[in-house]
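# Commentary on secondary and tertiary structure
As a plain string of letters, each chain reads:
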Amino acid sequence: MELVEIAVTTGTRARAGEKRRRRRRRSKRGGGEATNAVEAVGNHSSLQTGKQILQNMATCGEDNDVPDLVSDNDSEADCKDEDVWEDDYSDGMQDEEFCPLHGSVTCLFCSDKAQSVEELLYHCSKHHNFNIVDVCRSGGVDCISYIKMINYVRQKHLGPETLLMYISQGGTAWSGQEYMAATDPEDLMLQLDIESAINARPNKSCQNPNISNTSHGSGGTGDGYAESDAIHALICRIHQVEAERDILREELNRALQQIEKLKIAGQEMMLRSSDNPDSSNSTVKSSLDQSLNEEDGYFASYTHHDIHMTMLKDKVRTESYRDFMLKNPQLFEGKTVLDVGCGTGILSMFAVKAGARQVVAVDQSNIIYQAMDIARENNMHEKITFVKGRLEDVVLPFQKFDIIISEWMGYFLLFEAMLDSVLWARDRYLNSDGCVYPDHFSMKVVGISDQDLRKSKLGFWDDVYGFKMSCMKTSVSDEVNVRLVKEEQVVTEPAVIKDLNVMQCTVADLDFISEFSLKCLSDAEITAVVGYFDTDFNQSCSERVSFSTGPQATPTHWEQAVMMLPSPITVHAGAIINCKMIYRKHPKDSRGIIITLHIDKHKLKYTLS
């Protein structure tokens, strides 16, 4: 198929001067075999015939059965007419080399129409800051890729930024053969010889066609290919593509062999481990250390499918994001979106469904490879670009985005410290009039009374098979216990300890001290303080969406953060308990937190890591 496509382009390139050359040489060449050969290739009636003709013409002179393009007897006669020929040909090239096509042609990026291809090139350069010839030159776009690109743009209605991104990616978006079929058979842009334009005088394609340019004159010989040179170049290109294909095939085979070797090595290691556990410890430890160096435990945990199933099954979480996007399509229509920590890509697909022009999804976990397959399976792969790596390290295809979306929240909101990356993306990539969603959070605490939990977690150590292990109580009570709390166990009103506006806060704001009061609702014994958070999609939303992770709301996978008290606090209805909480990042665990709670003359310290 590559040869057929190249042959089609050969006919297009040769068409500008074909009539003059045919008229000049037909009487000399006794039948015009070379012309017929070019026409046969141009009509691409047979792949094998076209390839054989190209090869014969490239080796002309070595095969006596194939006539020369110019015979020895004709060369002298041609020389006599050389001046006339050169003047005539160069005049033709002056007229036809750039945009000889006149007629109504629609802009690639808007609905404006021009009266010629040259005028349209000028329009794209001036109004869309997109010089088609220069972009194709820098992107290595050949004539076949150019034809496919024009048809693709006509079908998909791309903007200049998206088209530039696709060209920088090698034009894989329009690599399919279906884009050789003209979207509009009368589209004059398909008849532009892009390779001649690339190799010709620089920047003419972006000059105003209504302003005369006399700097070049009309007596030159032109910069287009001679017919025989073009054929040789095409054959060389065929050989180059075939060589590149063979290299890629060899690399693929080597990769498959390496995968098989790794599989066998892993099996052998497991067998040695089971046969001789002691000798395998160092090998296993070395392998684990190497794995952790390549990808730390945090991102490795998100490679497992179970965690994504848990999050996707959380209807409160997933449906809130879905409703926010689909009920506020005006925020996404035609916009660029950055999805930070995309996981399976569910938020990216919601954004596309809401009308986003292009989504860039970033994740360091290997789950991103499944996300690529998921987007392709749902025919959204052309709208979503996946980038694997740490957000702060990767290069993204856009300099700025209209919207940043992310489901970054951890237990008690800030566990996992992923908000740091979202704020970095906000400062680096968000347009001045853009927004990060969700945009507002409230961190809250309540007092609960749960004697059963206290007995199961702390009372257990008083008698363990007849032995006392009370020293374990301190370690247990120092840990934040993530679990679901029943609404009827709540014995105080909620208190807000921190409001976060994601559009305004900084990383420094994520370490804080909060003084608050808990108002008791009934006579009870407070056995623990429970933390949770509420989430809001507010800014510029015609329909706002919110959800809570508190005990009074539908349970979520975040559950609640339970901080047990070493001894219950007896309270009465209406009583006010003054408290203070110091919330800090863990100094030895970059994604953990340390909470210091002052309550009823007690100073308690908890870790969540």
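Residues numbered from 1 in each chain as written. Predicted model: local features only at pLDDT ≥ 70, side-chain atom pairs only at ≥ 80, totals over all residues. Heavy atoms only, no water.

As named in an unreviewed UniProt entry, the protein is type I protein arginine methyltransferase, taken from Plakobranchus ocellatus.

A word on the packing of helix H14 (residues 305-313) against helix H15 (residues 315-326). Packing of H14 against H15 brings their axes to within 5 Å, and their N-to-C directions diverge by 65°. The orientation of H14 with respect to H15, classified from their angle, is roughly perpendicular. Every residue of H15 that contacts H14 at Met311, Leu312 and Lys313 is listed here: Lys315, Arg317 and Thr318. Partitioning the contact of H14 with H15 into residue classes produces two nonpolar, one polar and three charged. (Axes fitted to C-alpha atoms, helices over the stretch in contact; angles between N-to-C directions. Helix = DSSP H or I, 4+ residues; strand = E, 2+ residues; numbered from the N terminus. Parallel < 35°, antiparallel > 145°, perpendicular 65-115°, else oblique. Contact = heavy atoms within 4.5 Å. Nonpolar A, V, L, I, M, F, W, Y, C, P; charged D, E, K, R; others polar.)

The buried fraction of helix H16 (residues 346-353) amounts to seven of the eight residues, a majority that puts the element mostly inside the structure. Those residues of H16 not exposed but buried are Ile346, Leu347, Ser348, Met349, Phe350, Ala351 and Val352. (Buried < 20%, exposed > 50% of the residue type's maximum accessible area, 1.4 Å probe, protein only.)

By the definition in use, this model includes 14 salt bridges. In this structure, Arg357 engages Glu161 in a salt bridge whose closest nitrogen and oxygen atoms are separated by 3.7 Å. Taken together, the residues span a long stretch of sequence, with Arg357 in the loop between H16 and strand S4 (358-363) and Glu161 in helix H9 (residues 160-168) at a distance of 196 residues. By relative accessible area, which is 48% here, Glu161 ends up partly exposed. Ionic pairing is found between Lys444 and Asp534, a salt bridge with its closest N-O pair at 2.7 Å. Separated by 90 residues along the polypeptide, Lys444 in strand S8 (residues 440-448) and Asp534 in strand S12 (residues 524-537) bring together distant segments of the chain. As far as burial versus exposure is concerned, Lys444 and Asp534 are alike and both buried. Connected through salt bridges with shared partners, the residues Arg390, Glu392 and Asp393 form a single ionic network. (Salt bridge = Lys/Arg side-chain N within 4 Å of Asp/Glu carboxyl O.)

A few words on the pairing of S4. Among the six residues of S4, six are classified as buried, and the element is accordingly described as predominantly covered. Burial along S4 is two-sided: the residues Gln358, Val360 and Val362 and Val359, Ala361 and Asp363 are all buried. Once you follow strand S3 (residues 336-340) into H16 and on to S4, the crossover reads as right-handed. By the bridge criterion, five bridges tie S4 to strand S5 (residues 384-388) in an arrangement that is parallel. Counted as the bridge partner of Val359 is Ile384 from S5. (Right-handed = clockwise from strand over helix to strand, strands pointing away. Pairing = 2+ DSSP bridges.)

Within helix H7 (residues 132-139), the full set of buried residues consists of Ile132, Val133, Val135 and Cys136. Buried residues of H7 fall within an arc of 165° about the axis and therefore sit on the same side. Measuring from the side-chain oxygen of the N-cap residue of H7 to the backbone nitrogen of Val133 gives 3.3 Å; that N-cap residue is Asn131. A positive backbone phi angle near 65° is found at Gly140, which sits one or two residues after H7. (Arc of directions from axis to C-beta. Polar contact = N/O pair within 3.5 Å; in protein donor to acceptor, adjacent residues only side chain to side chain.)

The next subject is the packing of aromatic side chains. Aromatic ring pairs are described here by two measures, namely the spacing of the ring centres and the angle between the planes. For the structure on display, the rule yields 19 aromatic pairs. Residues Phe533 and Trp558 carry aromatic rings whose centres are separated by 5.4 Å and whose planes lie at 80° to one another, so their mutual orientation is edge-to-face. Linking Phe533 in strand S12 with Trp558 in the loop between strand S13 (545-548) and strand S14 (560-571), this pair joins segments that are 25 residues apart in sequence. Neither Phe533 nor Trp558 differs from the other in exposure class; each is buried. Through a chain of ring-to-ring contacts, the aromatic side chains of Tyr321, Phe324, Phe332, Tyr437 and Phe537 assemble into a single cluster. (Phe/Tyr/Trp six-rings, centres within 6.5 Å; stacked < 30°, edge-to-face > 60°.)

Further remarks concern the side chain of Asn481. Structurally, Asn481 can be placed in strand S9 (residues 481-483). Beyond its immediate stretch of four places on either side in the chain, Asn481 contacts Leu453, Lys457, Gln560, Ala561 and Val562.

Two elements in contact, H15 and H16, have axes whose closest approach is 9 Å; the angle formed by their N-to-C orientations is 25°. Here H16 runs roughly parallel to H15, going by the angle between their axes. For the pair H15 and H16, the sense of crossing is right-handed. Counting all contacts with H15, which are made through Thr318, Tyr321, Arg322, Met325 and Leu326, the residues of H16 involved are Ile346, Leu347, Phe350, Ala351 and Lys353. Here the contact of H15 with H16 is built from residues that sort into seven nonpolar, one polar and two charged. (Left-handed = near helix turned anticlockwise from the far one by under 90°.)

Before going further, it helps to spend a moment on the pairing of strand S17 (residues 602-608). Here seven bridges tie strand S16 (residues 593-599) to S17, and the two strands are oriented antiparallel to one another. Residue His598 lies in a different strand from S17, and its bridge partner there is Lys603. From the end of S16 to the start of S17, which pair antiparallel, there are two residues, and Asp600 there has a positive phi angle of about 50°.

Before going further, it helps to examine the sheet that holds strand S15 (residues 576-585). In space, the four strands of this open sheet follow the order S11-S15-S16-S17, with antiparallel pairing throughout. Each end of this open sheet is capped by a strand with a single partner; those strands are strand S11 (512-519) and S17. Mean inter-strand twist for the sheet, computed between neighbouring axes without regard to direction, equals 20°.

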